[in-house]
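These are the residues of each chain, in order.
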Amino acid sequence: NAGVMQNPRHLVRRRGQEARLRCSPMKGHSHVYWYRQLPEEGLKFMVYLQKENIIDESGMPKERFSAEFPKEGPSILRIQQVVRGDSAAYFCASSPRRQGGDTEAFFGQGTRLTVV
Amino acid sequence: SQKIEQNSEALNIQEGKTATLTCNYTNYSPAYLQWYRQDPGRGPVFLLLIRENEKEKRKERLKVTFDTTLKQSLFHITASQPADSATYLCALPYNNDMRFGAGTRLTVKP
């Protein structure tokens, strides 16, 4: 059973370009969470999705950021018109049940986005 | 607003000693608390979960305590080894997700 797979591991984008980060959850997991981590800072919650539905996007900036988790295929975090401040590590986690419901989260290795 | 504070950014100890990491929280009433380990360039890995009605939980050389009156959790690694060097994160449930502390970077010197 493969773990949570994120790709690419590293992504370099010029200012103004779009960044697409992909996350394939563990088999059997229908709950996906995206977090952002800046150097020397903790993980900041961005968005929680369940298959085809956004459950909670309270941590995601309203402009330029969007997320989806289609019926088929990986979850995608999309950042449009990237700026230098978007440079960070983006982690995806999956769980078989809602995270707040007393279950551990399984994290991917992250995508390190660098905006130049 | 809710706050999670981990005692220090970095902790250096000698191999064989016990490492003690602290997680304090305010404006939360969590039903449980989790600890994760994160190595450089990698995602966090779940270590332990402790519920509010459990005072202490153990797993091999790890021990976690949870004091809901003090709003504090202590994470202990006994007989520490250089391989234990990593950043340790505490996490509390919040609505639909987990909220994480900034972490404590532990270095165990041989």
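Before reading further, recall that the structure is shown in the block above.
Worth saying up front: this structure is predicted, and the values here are computed from it rather than measured. (Residues numbered from 1 in each chain as written. Chains lettered and ligands numbered in written order. Predicted model: local features only at pLDDT ≥ 70, side-chain atom pairs only at ≥ 80, totals over all residues. Heavy atoms only, no water.)

1. What to know about the sheet that holds strand 1 (residues 5-7) of chain A
Residue and element names in this part refer to chain A. Strand order in the open sheet formed by four strands is 1-3-8-7, with antiparallel pairing between adjacent strands. On the outer flanks of this sheet lie strand 1 and strand 7 (65-68), each paired with one strand and no other. For this sheet the average axis-to-axis angle between neighbouring strands, irrespective of direction, equals 15°. Sheet topology places strand 7 next to strand 8 (residues 75-79); four bridges connect them, and they run antiparallel. (Pairing = 2+ DSSP bridges. Helix = DSSP H or I, 4+ residues; strand = E, 2+ residues; numbered from the N terminus. Axes fitted to C-alpha atoms, helices over the stretch in contact; angles between N-to-C directions.)

2. Details of the packing of aromatic side chains
All told, the structure shown has 13 aromatic pairs over all chains when counted by the stated rule. Ring plane angle 80° and centroid distance 6.4 Å describe the contact between tyrosine 25 of chain B and tyrosine 28 of chain B, whose orientation is recorded as edge-to-face. Considered together, tyrosine 25 of chain B and tyrosine 28 of chain B belong to a single accessibility category, that of buried residues. Ring centres 5.7 Å apart and planes at 75° place the aromatic pair tyrosine 36 of chain B and phenylalanine 46 of chain B in the edge-to-face group. With tyrosine 36 of chain B in strand 4 (residues 32-38) and phenylalanine 46 of chain B in strand 5 (residues 45-51), the pair connects residues that are ten residues apart, well separated along the chain. For the pair tyrosine 36 of chain B and phenylalanine 46 of chain B, a shared accessibility class is recorded, and that class is buried. Within the aromatic cluster, the residues linked to one another by ring pairs are Tyr35, Phe45 and Phe107 of chain A together with Tyr36, Phe46 and Phe100 of chain B. (Phe/Tyr/Trp six-rings, centres within 6.5 Å; stacked < 30°, edge-to-face > 60°. Buried < 20%, exposed > 50% of the residue type's maximum accessible area, 1.4 Å probe, protein only.)

3. Quick look at the sheet that holds strand 7 (residues 62-67) of chain B
Residue and element names in this part refer to chain B. Read from one edge of the open sheet, five strands run 1-3-8-7-6, paired in antiparallel fashion. Of all the strands in the sheet, just strand 1 (3-6) and strand 6 (56-59) have a single pairing partner and so form its edges. On average, each strand axis in the sheet is tilted by 15° relative to the strand beside it, whichever way the strands run. Across six bridges, strand 7 lies against strand 8 (residues 72-77) in antiparallel orientation.

Don't take any of this as a statement about function, it's just geometry.
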